[in-house]
Amino acid sequence: MKTEENDLQTTVIRPQHGWQAIDLRELLEYRDLFGFLVWRDIKVLYAQTILGFFWAILAPLIQIVVFTVIFGKVAKVSTDGIPYFLFSTLAVIPWNYMSTAMTTSSASLVGGQALLGKVYFPRLIFPIVPVLSKMVDFLISLVVLAGVMIYYKVNPGWNLVFLPVFLLLMMIVPAGIGLWLSSLAIRYRDVKFALQYVLKLLIYSAPILYSASAIPEKYRFLYSLNPIVGVIEGFRATLLGQDIPWEYVAPGMFTAVILLVSGALYFKRMERVFVDVI
Amino acid sequence: MAKELFRFLRSPIENYRRYRSLYDFSDLESSPQNVLHALEDVSFDVHVGERIGIIGANGAGKSTLLKILSRITPPSRGTAVIRGRVSSLLEVGTGFHPELTGRENIYLNGTILGMRKAEIDRKFDEIAAFSAVEKFLDTPVKRYSSGMKVRLAFAVAAHLEPEILIVDEVLAVGDAAFQQKCLKKMEDVGAHGRTVLFVSHNMGAISQLCDRAIWLKSGRVEMEGPVDEVIRAYLNDGASGLAVWRPEGVEPENTEIRVLEASLRDPASGEPTSMVAYGKGLRLDIRYEVPRASPNVSVFYVLRDAMGDVIYVSRDTDNPTWKGRERAAGTYVSTTKLPGFLKPGRYLLSVGVAEGVGARWDRYEDVLSFDVTSAGCPVNPARRGLILPMLEWDVIAEKPGVDGGKVVPLAR
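Being a predicted model, the structure only gives us computed values, none of them experimental. (Residues numbered from 1 in each chain as written. Chains lettered and ligands numbered in written order. Predicted model: local features only at pLDDT ≥ 70, side-chain atom pairs only at ≥ 80, totals over all residues. Heavy atoms only, no water.)

Trainee: Help me understand the overall build of chain B in this model?
Mentor: If you tally the helices and strands in chain B, you get nine helices and 18 strands. Taken over 412 residues, chain B has a buried fraction of 44%. Taking the contacts inside chain B whose residues are at least 6 apart along the sequence as the reference set, 66% of them involve residues at least 24 apart. Counting only carbon and sulfur atoms, one obtains 51% of the accessible surface of chain B, whose full area is about 21,900 Å². (Helix = DSSP H or I, 4+ residues; strand = E, 2+ residues; numbered from the N terminus. Buried < 20%, exposed > 50% of the residue type's maximum accessible area, 1.4 Å probe, protein only. Contact = heavy atoms within 4.5 Å. Areas by Shrake-Rupley, 256 points an atom, 1.4 Å probe, with all protein chains shown as cover.)

Structure follows, in structure tokens:
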């Protein structure tokens, strides 16, 4: 009897005040749920469409063509000698991932309120799931990227070893933003409206349509504190086989980690009132 | 005009203050008398394998208690220690996605409710068989009928096998046959040494399922003990507003007629009661005061079942004697007998007064409630339908039939 009782896990429910630690072991226990929620997002996204996953190829392709015509041909933005089509492909694809992941992650708690009030599971799952599920679109759109790289005969060579670093950074940014904004959006639904416009402007905050060399050197550090700059510059340099411009990447890495950790802590702090406020 | 414009321009600041304070309880701590504690001093032990019913009027704190125990919302004070895995069934079908197939939703819903994938793999065939929608497992759930959805959802929930199962009014969904199936399954769960916490307004279900009950009243434990004793005490508790209601502190809003008291009584003894056997109707008395003579006064009540569906509405002016007849200033009692065709279960009564048809009226929602017990019910009380009338039937034989070689004579 004694041993049997010890086999059962004991949960102690007590009031939560102030800052809470993040229970990583519990998150691990819920990994199956994580998996199914990610998989649900993927399955449902293109349900009842004709093109299905082709949208993940078509949408960025159209965008890249439009940017190439307007910024490359009409405005003739300098790209340090790289063909504009190649230049923007390498930036638009990671940017699209980051912007959709940010949007869905920020809306995840408000959108999941039906579940939130009905059943317990670690709330942290909500904003993290879109960060993973949007990776599928990203991976599919790599087809476009590969095609363009083959066309321009670009060989990244050994530089590819850096790719995982930038992929990780590319996921940390929307995760950090999503943690912050999803818990803020519970209280202030303004987040939804603000984010729409901010994202449209954010594309100009990073070297997606123009080259980072256009930024005066004395502002470079300030500019690079934006982690999106690091992702784009790092991604582009990696795939073009150029030297990694760490002066653009390092400050952003720092901001990204701060965003993620502070976001998770803020989320946990606000967690206890989610159900009451929503 | 300028003032309104100013207020409009200021509104973001006001909104900010308001929404920020959603999280902020510091102003309440300084004036504790304004704080409403949904639960206070609630302390109890539940042992392995016990089935506990939690009863109480609306707003007594039942749902809050379950939400704390199922970790949906943390308490502001106090501790609960739970040994074993908890699954809560606060609503069947939580997390169902219409675009996903039945098979996919079993996995999704199962993991949401706390199962591991390996566990669902193991029980999958059993769940599919229990749901009886096996043929449609690869069809998106959006093409299911609502009955199929509920069956599938309950099949998943029924195979949770946690050490502790928390159930809140899930019996309120589905038809009677389905409700019986739920109850049966929950009994099995209890029989396998699991602990069940069950909240319901359906006293019949509570007494069928549970051994012990806790009665919550205004956030405190009013009584705890053997299920039938607690239910009896709860139902006889006049102060909880079940058998007798007086509109204390409620002023009529639209009419001048003042309801003084509404009560449910045993038709024989005239004693207030809120429990009646099937087939026997309670008496409803509505006392009211008419301040000025009026030809248009009518008194009515709305009868609702536990699911909130209106069974019918009845007015004292349905009696032609009182239709359009003037009532002089004074106090009246309109009395009526409730019908005996009500199915066993819980019912809620809203009473109201009106002056003129649809002109001015006051209604007091769900102020009385009573239970019809299945005692004396000659047929299966779980038969489908909102009501259970015993109607007259005749069987007339038209031709002599042959029964085992013998001629059956014509009856009648």
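After that view of the structure, there is still more to cover.
Trainee: Please explain the overall build of chain A as it appears in this structure.
Mentor: A tally of regular secondary structure across chain A gives twelve helices and one strand. Overall, chain A shows an N-to-C arrangement of helices and strands of α-β-α-α-α-α-α-α-α-α-α-α-α. Across the 278 residues of chain A, 50% fall into the buried class. At a minimum sequence separation of 6, the contacts of chain A that also span at least 24 residues come to 82%. Total accessible area on chain A stands at roughly 13,700 Å², and carbon and sulfur atoms take up 67% of it. For chain A, the distance from the average site of its 22 positive side-chain charges to the average site of its 17 negative ones is 8 Å. (Lys, Arg positive; Asp, Glu negative; His and termini not counted. Charge placed at Lys NZ, Arg CZ, Asp CG, Glu CD.)

Trainee: How should I be thinking about the interface of chain A and chain B in this particular structure?
Mentor: Put simply, an interface is often sized by how much accessible area is lost when its parts join up. In this complex, chain A contributes 43 residues to the contact, which on the side of chain B involves 41 residues. Surface buried jointly by chain A and chain B totals about 3,900 Å² across both partners, of which 64% is contributed by carbon and sulfur atoms. Its largest share of buried area at the contact with chain B, chain A owes to I13, F36 and K118 of chain A, together 18% of the area lost on that side. Counting every contact that joins chain A to chain B gives three salt bridges. For K43 of chain A, the salt bridge goes to E104 of chain B, with nearest N and O atoms at 2.8 Å. Joining chain A to chain B, the criterion identifies seven residue pairs in polar contact (both at pLDDT 80 or more). When residues of the side of chain A that touches chain B are assigned to their parent elements, the largest contribution, nine residues, is made by helix α3 (residues 31-45) of chain A. Sheet topology note: the strand β1 (residues 10-13) of chain A/strand β2 (residues 80-83) of chain B ladder contains four bridges and is antiparallel. Each residue of the ladder has a partner; that of T11 of chain A, found in β2 of chain B, is I82 of chain B. (Buried area = accessible area lost by both parts, 1.4 Å probe. Salt bridge = Lys/Arg side-chain N within 4 Å of Asp/Glu carboxyl O. Polar contact = N/O pair within 3.5 Å; in protein donor to acceptor, adjacent residues only side chain to side chain. Pairing = 2+ DSSP bridges.)

Trainee: Quick question: what am I supposed to make of the pattern of salt bridges here?
Mentor: When their charged atoms lie close together, side chains carrying opposite charge are able to pair. For the structure shown, the criterion picks out 26 salt bridges over all chains. In this structure, D32 of chain A engages R116 of chain B in a salt bridge whose closest nitrogen and oxygen atoms are separated by 3.1 Å. Placement of the pair is D32 of chain A in helix α3 and R116 of chain B in the loop between α4 (102-112) and α5 (117-131), with the two residues belonging to separate chains. Look at D32 of chain A and you get buried, because its relative accessible area is 18%. Taking the shortest distance from any N to any O, the salt bridge between E271 of chain A and K268 of chain A comes out at 2.9 Å.

Trainee: Teacher, can you tell me more about the sheet that holds strand β11 (residues 283-290) of chain B here?
Mentor: Residue and element names in this part refer to chain B. Ordered in space as β8-β9-β11-β14, the four strands form an open sheet in which the pairing is antiparallel. Each end of this open sheet is capped by a strand with a single partner; those strands are β8 (244-245) and β14 (330-337). Two elements, β11 and β14, share eight bridges in a ladder whose sense is antiparallel. The residue of β14 that forms the bridge with D285 is T335.

Trainee: Can you help me understand the pairing of strand β9 (residues 258-265) of chain B in this one?
Mentor: Within a regular strand, side chains alternate between the sheet's two faces. Residues and elements named next belong to chain B. The buried fraction of β9 is high, at six of eight residues. Both β8 and β9 contribute to a ladder of two bridges, which runs antiparallel. Each bridged residue has a counterpart across the sheet, and for W245 the counterpart in β9 is A262. With seven bridges joining them, β9 and β11 adopt antiparallel strand pairing.

Trainee: Any chance you could explain the packing of aromatic side chains here in plain terms?
Mentor: The geometry of an aromatic ring pair comes down to the distance between the two centres and the angle between the two planes. Applying the stated criterion across every chain yields a total of 20 aromatic pairs over all chains. Between the aromatic rings of Y151 of chain A and Y152 of chain A, the centroid separation amounts to 5.0 Å while the plane-to-plane angle is 85°, which identifies the pairing as edge-to-face. In this structure Y151 of chain A comes out as exposed when scored by relative accessible area, which is 63%. Judged by its relative accessible area of 28%, Y152 of chain A is partly exposed. The lysine or arginine in question, R236 of chain A, covers the ring of F87 of chain A, its NZ or CZ lying 3.5 Å from the ring centre. The aromatic ring of W322 of chain B is capped on one face by R325 of chain B, whose charged end is 4.3 Å from the ring centroid. (Phe/Tyr/Trp six-rings, centres within 6.5 Å; stacked < 30°, edge-to-face > 60°. Lys NZ or Arg CZ within 6 Å of the ring centre and 35° of its normal.)

Trainee: Got a minute to help me understand the nonpolar core in this structure?
Mentor: It is characteristic of soluble globular proteins that their nonpolar side chains tend to be buried jointly. Membership of the largest hydrophobic core comes to 72 residues, with the highest contact counts inside it found for F121 and I125 of chain A together with I55, I106 and F198 of chain B. No other element matches the eight residues that helix α12 (residues 246-277) of chain A contributes to this core. If we skip the residues at most four places from it in the chain, I106 of chain B touches I120, F124, I127, L137, L152 and V156 of chain B. Counting 54 residues, the second largest nonpolar core, distinct from the first, contains I82, L90, L169 and Y223 of chain A. (Core = buried A, V, L, I, M, F, W, Y, C linked by side-chain atoms within 4.5 Å.)

Trainee: Would you take a moment to explain α4 of chain B for this structure?
Mentor: Given 3.6 residues to a turn, an α-helix orients residues that are three or four positions apart in the same direction. Where burial is concerned, most of α4 of chain B is hidden: ten out of the eleven residues are buried. Inspection of α4 of chain B places G102, E104, N105, I106, Y107, L108, N109, G110, T111 and I112 of chain B among the buried residues, and these make up the whole buried set. Of the surrounding secondary structure, the elements contacted by the buried residues of α4 of chain B are α3 and α6 (113-116) of chain A together with α5 and α6 (146-158) of chain B. Looking one or two residues past α4 of chain B, G114 of chain B carries a phi angle of roughly 110°, positive in sign.

Trainee: Explanation requested: the packing of α4 of chain B against α5 of chain B in the structure shown.
Mentor: When two helices pack together, their arrangement is given by the angle between their axes and by how far apart the axes lie. Residue and element names in this part refer to chain B. Interaxial distance between α4 and α5 falls to 10 Å at its minimum, and their mutual angle equals 130°. By the angle class used here, α4 and α5 are oblique. Considering the relative orientation of α4 and α5, their crossing is right-handed. Across the interface between the two elements, R103, I106, Y107, G110 and T111 from α4 touch K117, I120, D121, F124 and I127 from α5. (Axes fitted to C-alpha atoms, helices over the stretch in contact; angles between N-to-C directions. Parallel < 35°, antiparallel > 145°, perpendicular 65-115°, else oblique. Left-handed = near helix turned anticlockwise from the far one by under 90°.)

Trainee: What exactly am I supposed to notice about the packing of helix α8 (residues 163-187) of chain A against helix α11 (residues 227-240) of chain A here?
Mentor: All names here are of chain A. At a minimum axis separation of 9 Å, α8 and α11 run at an interaxial angle of 155°. In this view, α8 runs roughly antiparallel relative to α11, as classed from their interaxial angle. Note that α8 runs across α11; the crossing there is left-handed. Facing L163, F166, L167, L169, M170 and V173 of α8, the residues of α11 in contact are P227, I228, G230, V231, G234, F235, T238 and L239.

Read these as spatial facts, not as claims about activity.
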